[in-house]
Structure formats: C-alpha cells, structure tokens
Amino acid sequence: MLKRPLAFRGGIRLAHHKYESAHSPIASAPLPERLILPLRQSAGRAPEPIVREGDRVKKGDRIAAAEEWISASLHAPTSGTVRAIGPFPVAHPSGLSAPAIVIEADGADEWGEKTPLLDSPARSAANRAALSPEETQRFLQNMGVVGLGGAVFPSHVKLSRAPNTPLQTLIINGAECEPFITCDDRLMRERADDVISGTLFLRDLLEVKETLIAVENNKPEAADALRAALARADAAREIRDVAVMELPAIYPAGSIKQLIFALTGKRAPAHVLPTALGVQCFNAATVYCVWRAVAHGEPVTHRVVTLTGNVEHPGNMEVPLGMPMGQLLALARPRPETDACIVGGPMMGFLLTDERAPVVKGSNCLIARSDAFFPPLEPETSCIRCTSCAQVCPQGLQPYELYWWSRAKNSEKAARYQLMECIECGCCAYVCPAHIPLVQYFRFAKGEVRAAEKAQDMAARAKERFEFRQLRAEREKAERAEKLARAAALQAEKLALAAVTDTDSPANAQTPTTENAP
Amino acid sequence: MDVLTAIAILTLGAALLGAALGFAAVHFRVEGNPLTEKIAALLPQTQCGQCGYPGCKPYAEAIAQGGADINLCAPGGEDGVRKIAELLGLEIKPLAEGAAQKPPAVARIVEDRCIGCTLCIQACPVDAIVGAAKQMHTVISSLCTGCELCLPPCPENCIEMLPVQETTENWAWRYPARVPALPPLALSPAASGENSC
Ligand code: SF4
Ligand code: SF4
Ligand code: SF4
C-alpha cells in the first residue's frame, strides 16, 4: 500500500465551487405527481417493462426486468398507477425522446415487500461467507444497482472475477473531482456507516488484499466521517486492510485510470481494463446503494442530486428517480438571469434541452447556468500548436493532433493517435488559448470511429451470410443432381431388368439413362 | 581454370536459387488474387449489384484487373471511394453519376398483404427474410443490409424500405459548429414545493 498518493500526469486545478452546495444537509425532494422512468438508465441493454398501463405498483416494485447480463432492473420509486409506457423526453445531449414508464403517484408512498439478501444487517460473517458470488450478482442486478458516478455501468458485472488475474485492490471512488458537484461528499458525511458497511461487504465478496477509499482533500469532513465510521466498524471486528486516502484536488483525480495510478502506481496501457491490473473500482454512492440493497432490501429508487450554480438555495436533495429536472431545479430557486441548465458537472456535462426530462440513476448534478458563472465562449480561432493541451492531457494524448484529424473528418488517422483513449475530461479545451472546443471535435470523431466499426461488422456478417448462402445453393444443386442421377440409374436398372425378362433386347435399356441424366 | 570455377559456382548458385523459387511458387502459392480480397474488404458487402456487377466480389475482381472504375459503389459512398483510392494509389473521385448514397434503411414486409410466395426469400442475398410457402414472411431487421433486391420480385408490392430512425441509442455527436450556440431553454419560475434547504 502506498503511503501517499502519487501525482498522475497532466490534469488542471479548477475553482472548486463546492462550498455553496456542501454546507447544508441532504434534503428530501417533495414527491412529484408524475414520475417518468426512462427504461435505459444504465450501460448495456435497457430492461424490458414487466408492468402494463393501469397496473398498481408499490414503492420498490420491479417495473422493468433485465434480460441480459449487462443490464439492470428498474423499480417504482413510489406507490401509484402506471399511466403510460412510451417515448418521453429524456436528459440526453441529442434532445431525442426515449421509451419510459410513467407512474402517477398516489401520495401514500407505500413500500412493497422488501427482501434483503442478508436477513439482518448483523448477519454473521459465517453466514455471509455461505453466499455465492453469483447469488449476490443476480441480487444486485435485480435491485438495479449501477454505477452512480456517471458511467452507470451495472455493478454486478464488475463483481465477476477476471479469469487469470486475482483482484488485489478494491478502490472506493469518493474523489468527486468535478467542480460544483457535492452529492457524494454529503452522502459520505451523513451516511458514512452505510458506505463503510457496503465497502466491507464488497471487500469480503471480492476477497481483495487491500481496500482504499479515495477522497479529494477538499472534503476533509467526508474523510473524517469515513474514518470515524471505519473505527466504529473496527470495534466490532478487526479491520486492518481498509484505509481512507486523501488525494490532492487536481481534476480529473476521480477518473478511473488516474485514480488507479495515484493509489497503486499501476498504469493501465491503452485498451486495458483495470481488472487486468487486479484493481476494481466502485463509486462511493454506488457502494451505499449496494448496502441499502443487500442489508435493507431497498432497490435503487432515489439518488442524491446537487442543485447549484446561479440559484438562491444551492444544496443537495434526495430525489425520486423520474422527477422532472426543471421541477427539481426550481426547488433551488434559480435567479432570474439563469439561461440554461447543465446536467452533470461543468467539465463533462451537457445542456438540458427539455425541462420535462426526468432525473435518472446517472444524474448527479444540475447547475443553473448564467454568464456570471460561465462566461460565454470566445470565438474559436486557429490552433497555434502551443501544446498546452498535450501538457494537461491526463491520458498522455496529443490533443492538437487529434484535433487536426478530427477537424478534417479523418477519424481513422485520429484513431491512430489513440482518439478512443480520450476520456472527454475537457482539460485540453479548458487551457486552449485558441478557444477550440476540442472535446466536441473528439466526440464527433469518436462517433465516426464507432460507426465505421459497426459498418465493418455489418459487412463482415453480410459477407459471411452471403457466402454461406452461395455454398448452400451449390450444395442443394449438387444434391438435386445426385438425386436425379440416382433416380435415373434406378429407372434404367428397372428397365434393363424388364427388358432382359421381356424381350431380351439390350438396346431398349440404354436410352432412358442417357436422356434422364442431367 | 579460375574462370571455370567461377562459372561452376555461379551456375550452381543459379540452380539452387531457381530450385528455391520453384519450390516457393508451388508450395507458398496464394490462393486467389490478394488485391481482390483487399478491395473486397473495403466494399460494404450488401451484394446489391448497384455497381453493375453481380455482387461485391465480382466488382472487386473487376477493379483489381483494372477494368472497372472505383466510384460505382453507391452504398459505400464517398468514404468507400476514398478508401479504395488510397489502397490503389489512385485519385479520389466523386461517386459515379446516378450512384447516390442513400440514407440507411431496412426492408419491412407489410405482413397482412404478404401472400407467402417465397420470392423475396430467394432474392435476399444475406438470408435476412424468414417465412415458409403460403406463410407470412418477415424481415430480420438486424440482418438486413438495405440492398432493395427483395423489392422487385414481390408480386404484391408489399415490401417497403424504412429509413433507420435516430434514437438515443444510435445517436452520435455532430460536427461542431464554429460558434457553439446554446439551445433555448425557458426555465419556468419556481413551480412546485417549498425548498427546505
Ligand atoms: S492548446 Fe489549443 S492552440 Fe495550443 S496546441 Fe492545443 S489545440 Fe492548439
Ligand atoms: S479531453 Fe481527451 S484529449 Fe482532452 S485532455 Fe481530456 S483525455 Fe486528453
Ligand atoms: S431483406 Fe431485402 S433489402 Fe434487406 S438484405 Fe434482404 S433483399 Fe436486401
């Protein structure tokens, strides 16, 4: 275990803007009348609805079930009636609609049956050991637990062991490195015991050697709360291999590869997953949800969202999934000059296009935008090849080369400069003196690369099917010819036989054979 | 004497090399024309025949033998032409007249009009249509390449081409505008509930 975190390459120091929203406790958002639950709330395949219009549901009831491994179920955040299943505006940079389940709340907020995985939170270690990892994985999938840090990757998938590298390190990511966002900070401060219990649960399940909880050093209260909770857990059973580490607040310290390097000194080369290095990472809020699910039988139905920016009352709220974002931001009272709403952080977020779009599992922050907080972008000029971008790129890329090829719409060349390793952190665009929206070019070029890959796959499959079809046609032709020949031969034989018995004339027997043969 | 030795050595060398080359020619022979394969790998494999050849491979063969222009493949589009031009070291040229790239689409059979004649099944080069005689037929849209070869044989004219819809699943970021503009968003004034924090 490293004594002190290492400094990763690149990165930038940003104004934190955390104190505005971090000073007050997490409040409960009022229950809206209608909840809109988009089916896709995680990476992988969207779950399939298992309710119909008019069905009554209780809080925590499963309303859509995962049908594939990389997919997670979805649950009703409150009791009420299913009103519609169909396309609805969602928070997506495209502004397109996506299929969703609409629930009209009845106001009772009545829980359905809760079935925790561990019968009581104090279930003994021996019992816990009897749980098979597969059982836990299935359970978490059914509880809809996904990464709440932003990538929304289903958590159960990350609990599978890599075939040949044993897991050594479990990292709990509480870095929360993007400015303005404080939802994980407040959660770690106020619910540290659950975060620690969840951490220990995952530690036992994955059988790792060391567990590191990473918190940026601009959140000393969260780090202290976690240490205190750890000490309380330690009093119950001895814990030697779990430590809270404070990272220097350099953006993007919470990005996975940077975090792994800072805490373990391991560098993941391009296209290598962290599990191949024996490291697995979970976000702190995800770990909290894991514990709520396994110990209390509560699926993921709510999440903490930071409301901040140009508002009267910045803070954090525990919000039922499906609450319209416009309605939620209104609770923090945006000031008059607010002109837009940023979903996510200021570095990696996007602008909300429809205020009816609902909060989903991945929505961590809403920022009321105004020119005072975010001065308007200056016009883009030409790249002067100053290489400032390359100096701050945490992935060690050369953004100016990526830009050159992306701008020329030559995504193949950009891919050769490791475009796909770009994490879209925005450091390069932040420092660029030419005000080039570099990340926007990279996102475009990445889309092109993915489309080309898809076309290539499609072509390969079409070719395979076409060739198989030709093969089959040939085989069928050959078979038909053979059958005909056989039938002809048979007939010839019969005729010959008849000829021999009847007239004894061999001349008659030969004619049909030659005529019928193809 | 020296001259004779030199000649002998050279003759021996020539014979050995000749034998080696002959052996290589027989044992390491490449089946098919490697250039044809390389060109075929750049074609979209829809087998649609819009280039005037009976499939992607025949067209690749025709290009490899120098007989065909490189800009005849409509589904491959300008990008496809560029890739072939780069491979062969030729000038990039625009798509041939009449060979316009269409937006991606998949076939759909209007099922209540289908009479189950199986003609479209026989036409589809990638086996993307399922059905049996006198039964309704269906296109498996994930396998359909949009080649439109199934349209003409249908006696009922009941196959239509549906453009692929843009969804949040297949959407991709656009090329950035020079000056990024904010989408208009009117935030309603404090709508519901008192703020408790
Ligand atoms: S920071 Fe901007 S101007 Fe400087 S090299 Fe990078 S892209 Fe060019
Ligand atoms: S956005 Fe991509 S290229 Fe730019 S600094 Fe971040 S990782 Fe590097
Ligand atoms: S279904 Fe029709 S359009 Fe689709 S691949 Fe087959 S023949 Fe072509």
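Owing to the predicted nature of the structure, the values given are computational and were not obtained by experimental measurement.

S.K.: Explain the interface of chain B and chain A to me, and be specific about the residues and the numbers.
M.R.: Listed as interface residues are 46 residues of chain B and, on the opposing side, 53 residues of chain A. Carbon and sulfur atoms make up 58% of the area that chain B and chain A hide from each other, which totals about 4,500 Å². At the boundary of chain B with chain A, the tally comes to 4 salt bridges. Here R40(A) ties to E169(B) by a salt bridge, and the two come within 2.5 Å at their closest N and O atoms. Linking chain B with chain A are 11 residue pairs in polar contact (both at pLDDT 80 or more). Among the secondary structure elements, those contributing two or more residues to the side of chain B that touches chain A are α2 (34-42), α4 (77-88) and α5 (119-123) of chain B.

S.K.: I'd like a rundown of the site of ligand 3, residues and numbers included.
M.R.: Ligand 3 sits among A107(B), C124(B), P125(B), V126(B), I129(B), V139(B), C144(B), T145(B), G146(B), C147(B), E148(B) and C150(B). Among the residues making up the shell around ligand 3, the classes are represented as 9 nonpolar, 2 polar and 1 charged.

S.K.: Talk me through the site of ligand 1; I want residue IDs and the actual numbers.
M.R.: As a matter of local geometry, ligand 1 sits amid C383(A), I384(A), R385(A), C386(A), T387(A), S388(A), C389(A), Y400(A), C432(A), P433(A), A434(A) and L438(A). For the shell around ligand 1, the per-class residue count stands at 9 nonpolar, 2 polar and 1 charged.

S.K.: Could you give an account of the pattern of salt bridges, naming the residues involved and the relevant values?
M.R.: Residues and elements named next belong to chain A. Within the structure shown, the criterion is met by 39 salt bridges over all chains. Taking the shortest distance from any N to any O, the salt bridge between R335 and E312 comes out at 3.8 Å. Taken together, the residues span a long stretch of sequence, with R335 in the loop between α9 (325-331) and β15 (340-343) and E312 in the loop between β13 (302-309) and β14 (315-320) at a distance of 23 residues. In this structure E312 comes out as partly exposed when scored by relative accessible area, which is 46%. A salt bridge links E482 to R486; the nearest nitrogen and oxygen atoms lie 3.3 Å apart. Placement of the pair is E482 and R486 together in helix α14 (residues 438-502), with a separation of 4 residues, close to one helical turn. With a relative accessible area of 48%, E482 lands in the partly exposed category. Taking the relative accessible area as the measure of exposure, R486 reaches 52% and is therefore exposed. One continuous salt-bridge network, built from bridges that share partners, spans K114, D194, R292 and E298.

Definitions and cut-offs
- Residues numbered from 1 in each chain as written.
- Chains lettered and ligands numbered in written order.
- Predicted model: local features only at pLDDT ≥ 70, side-chain atom pairs only at ≥ 80, totals over all residues.
- Heavy atoms only, no water.
- Contact = heavy atoms within 4.5 Å.
- Buried area = accessible area lost by both parts, 1.4 Å probe.
- Salt bridge = Lys/Arg side-chain N within 4 Å of Asp/Glu carboxyl O.
- Polar contact = N/O pair within 3.5 Å; in protein donor to acceptor, adjacent residues only side chain to side chain.
- Helix = DSSP H or I, 4+ residues; strand = E, 2+ residues; numbered from the N terminus.
- Near = heavy atom within 4 Å.
- Nonpolar A, V, L, I, M, F, W, Y, C, P; charged D, E, K, R; others polar.
- Buried < 20%, exposed > 50% of the residue type's maximum accessible area, 1.4 Å probe, protein only.

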